[in-house]
Amino acid sequence: MEEIPLSSLFRRALTTASKAFNLPTIDDETQELVQSALADLHQCSTRIAKLSLFSPNEQLADIPTRDLVYLLVPYVLSEVQSRIRATEREDRIDLVKEVKRHLEAYIYYLEHYEIATEEDKELYGRSASSVTDPAKRRELKIKQYKREKDIKARIEAVRKRTNQSTTESSSNVELIASVLPDPSQKSADSGEEPDADTEEILREAVILLLRFIYAEAQTQLEKTNEELELLLNAPPLPPQQSPSDDPRVAKKRAEDEMWKLDAPLNRGGPDGKGPLLDPQGKPLRPFVLLGSNAADRARLQSQVFQADHRLPTMSIEEYLELEKQRGNVITGGGPASEQKLTSKEQLALDAEQDGTVFGEEKAEEKRQRDESWAQYTDTHPRGAGNTMNRG
């Protein structure tokens with residue numbers, strides 16, 4: 001049986017993986033495609049090792065352009081293996097460790113052959129989660145995004161120069177497949193070399209693609225490490241007990257739950273189920289930022305589309321009435337106050353009402369007031385308190 005060329009084998013694995021990425025991971029059809037792609041990728045890895053395409057003693061200039069694209073095999077392996085269905089935690093841990101190994105291998109290749117620049121290493125070598133300052137973390141993510149966007153734009157420009165299809169790829173796997181030799185033309189495995197200009201343009205496209213995938217691999221490696229840490233630190237699942245078919249046992253269990261008075265064990269946190277975040281601010285378990293009941297959720301929902309400043313809660317008239325009730329409003333003044341009698345004039349007028357009890361009371365009050373003022377003027381002669389600054 002004739003052996004399929006390496007480029008065709010890699011292209012078939014990428015095509016199968018691209019189909020699997022567009023389907024739900026839980027489906028059996030998706031898992032069949034994933035296993036088929038994995039078989040082709042493992043065969044590619046075996047043949048790459050057998051042919052010794054990459055050696056630690058080589059430099060980037062020593063690697064032919066047609067072989068550079070096979071540096072992406074570990075990354076594609078990590079992407080495909082992450083789609084494997086795993087229901088048990090132990091299986092998922094082994095799977096995540098395998099994905100991490102492939103990502104680290106790809107990153108090692110690019111740093112060893114100095115394909116990733118020093119700027120790339122400095123920008124993507126530091127994880128965003130390790131930065132505690134939110135402003136610096138946001139700035140780092142913006143720089144990483146702009147860097148990826150710039151490299152991707154340069155890849156598209158090089159693809160236009162090679163007259164390749166410039167339709168936007170929906171995944172990185174499709175983007176990798178776009179730089180492989182076209183099987184309808186003479187393949188690189190046939191031994192025929194392209195002309196110098198085409199060779200230079202194709203090499204530039206592959207190196208830019210390798211740098212772009214380097215950024216993606218660093219991001220995926222950070223997420224993989226976080227998932228592995230969660231899986232290793234997750235509490236063990238309680239042993240599953242086989243349900244009893246005896247209706248008396250079920251009835252007794254229901255009665256016990258009905259009359260049980262013991263409160264659940266408080267493990268801390270806002271809901272008593274344990275803390276939400278660790279001291280470094282990393283989430284320990286999923287949580288939802290919602291109110292505890294329907295009324296709180298409705299209140300929060302009504303506050304979504306509002307002004308960014310505090311709105312008034314009462315009219316100006318209502319506020320002045322409230323201040324008036326508190327005694328903070330001074331009344332009087334104006335023409336009405338000018339025509340109104342003073343307290344001394346009103347007292348003299350009331351005292352003139354002879355023959356009435358009210359008039360007699362006001363007359364006595366006026367007499368006492370005048371007497372008090374006479375006594376004061378006797379003890380305090382006019383100008384007695386004015387020393388004219390003489391001490």
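The structure under discussion appears in the preceding block.
First, a word on what this report is: a plain description of the structure on this page. Worth saying up front: this structure is predicted, and the values here are computed from it rather than measured. (Residues numbered from 1 in each chain as written. Predicted model: local features only at pLDDT ≥ 70, side-chain atom pairs only at ≥ 80, totals over all residues. Heavy atoms only, no water.)

### A closer look at the packing of aromatic side chains
Within the structure shown, the criterion is met by six aromatic pairs. Between F54 and Y109 the ring centres are 6.0 Å apart and the planes differ by 50 degrees, which places this aromatic pair in the tilted class. In this pair, F54 is assigned in the loop between α2 (28–51) and α3 (65–68) and Y109 in helix α5 (residues 89–112), connecting sequence segments 55 residues apart. Taking the relative accessible area as the measure of exposure, Y109 reaches 27% and is therefore partly exposed. (Phe/Tyr/Trp six-rings, centres within 6.5 Å; stacked < 30°, edge-to-face > 60°. Helix = DSSP H or I, 4+ residues; strand = E, 2+ residues; numbered from the N terminus. Buried < 20%, exposed > 50% of the residue type's maximum accessible area, 1.4 Å probe, protein only.)

### Focus on the pattern of salt bridges
Per the stated rule, a full pass over the model turns up eleven salt bridges. Close ionic contact of D28 with R85 constitutes a salt bridge, the shortest N to O distance being 3.1 Å. Residue D28 is found in helix α2, and its partner R85 is found in the loop between α4 (73–81) and α5; the two are separated by 57 residues along the sequence. R85 gets classed as partly exposed once you look at its relative accessible area, which sits at 35%. Where E227 meets R92, a salt bridge forms, and the shortest distance between an N and an O atom there is 2.8 Å. Placement of the pair is E227 in helix α9 (residues 196–233) and R92 in helix α5, with a sequence separation of 135 residues. We classify E227 as partly exposed; its relative accessible area is 28%. (Salt bridge = Lys/Arg side-chain N within 4 Å of Asp/Glu carboxyl O.)

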